Amino acid sequence: MSDIKKVTEHYSEKHPGMKSYVQCQSRAFMTGMGATAASFTALYIAQQLLANSLPYRQKYFFIGPILIGASVGYIVTSQRTKSCQRMWLAAEDKHTYLTEVEKES
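The model shown is predicted, which means the values in this text are computed figures rather than measured ones. Counting from 1, residues in each chain are numbered in the order their sequence is written. For a predicted model such as this one, the threshold for reporting local features is a pLDDT of at least 70, and the threshold for listing and counting side-chain atom pairs is 80 or more; totals across whole chains, interfaces and linings nevertheless cover every residue. The side-chain quantities take in all heavy atoms of the structure and omit both hydrogens and water.

**Concerning the packing of aromatic side chains**
Part 1 of the reasoning: When the centres of two rings from Phe, Tyr and Trp lie within 6.5 Å, Trp using its six-membered ring, the rings pair. Their planes under 30 degrees apart give stacked, over 60 give edge-to-face, and anything left gives tilted. Following the criterion strictly, the structure yields four aromatic pairs and no others.
Part 2 of the reasoning: Ring geometry for Y21 and W88: centres 5.1 Å apart, planes at 50°, overall tilted. Of this pair, Y21 sits in helix α2 (residues 18–49) while W88 is found in helix α3 (residues 63–91), placing the two residues 67 residues apart along the sequence.
Part 3 of the reasoning: For the ring pair F40 and Y44, a centre distance of 6.1 Å and an interplane angle of 10° mean the geometry is stacked. Within this pair, F40 and its partner Y44 are both found in helix α2, separated by four residues, close to a single helical turn.
Part 4 of the reasoning: Burial classes: relative accessible area under 20% of the type maximum marks a residue as buried, over 50% as exposed, and values in between as partly exposed (1.4 Å probe, protein chains only). Using a relative accessible area of 25% as the deciding quantity, one classes F40 as partly exposed.
Part 5 of the reasoning: One aromatic cluster is present, formed by F40, Y44 and F62 through successive ring pairs. In this description a helix means any DSSP run of H or I spanning at least four residues, a strand means any run of E spanning at least two, and both kinds are numbered starting from the N terminus.

Laid out in structure tokens, this is it:
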């Protein structure tokens, strides 16, 4: 069952929100990749424009954008994934605000 469509069809009766969760996760990962690429590109271009005023040589210009781009991508993907998880739990009616209130009373 390596095909994701077969997996979602197989579990759709038990987990009705699975299809929307898979789509949300896919968007989360693609948004993270886009954030990584955009932040790397912006930082690299900024370094090229400020090349004369930076204290390090041009051969090290890839280190900063790679590290910061990966960090930005991780943060964006992590936040989006958490929102997908919250959406999944709400769709399953197991962890909504109302069920938390019911447990407390």
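**A closer look at α3**
Helical geometry: 3.6 residues make up each α-helical turn, so side chains three or four residues apart lie on a common side.
Part 1 of the reasoning: Counted at 1.5 Å a residue, the expected span for α3 with its 29 residues is 42 Å, and the 42 Å between its end C-alpha atoms agrees.
Part 2 of the reasoning: For α3, the set of buried residues is P65, G69, G73, T77, S78, T81, C84 and W88.
Part 3 of the reasoning: Contacts were defined at the residue level, with two residues in contact if any of their heavy atoms lie within 4.5 Å. Each element contacted by the buried residues of α3 is listed here: α2.
Part 4 of the reasoning: D93 sits one or two residues past α3 and shows a positive phi near 55°. Multiplying 1.5 Å by the residue count of a helix minus one yields the expected span of that helix.

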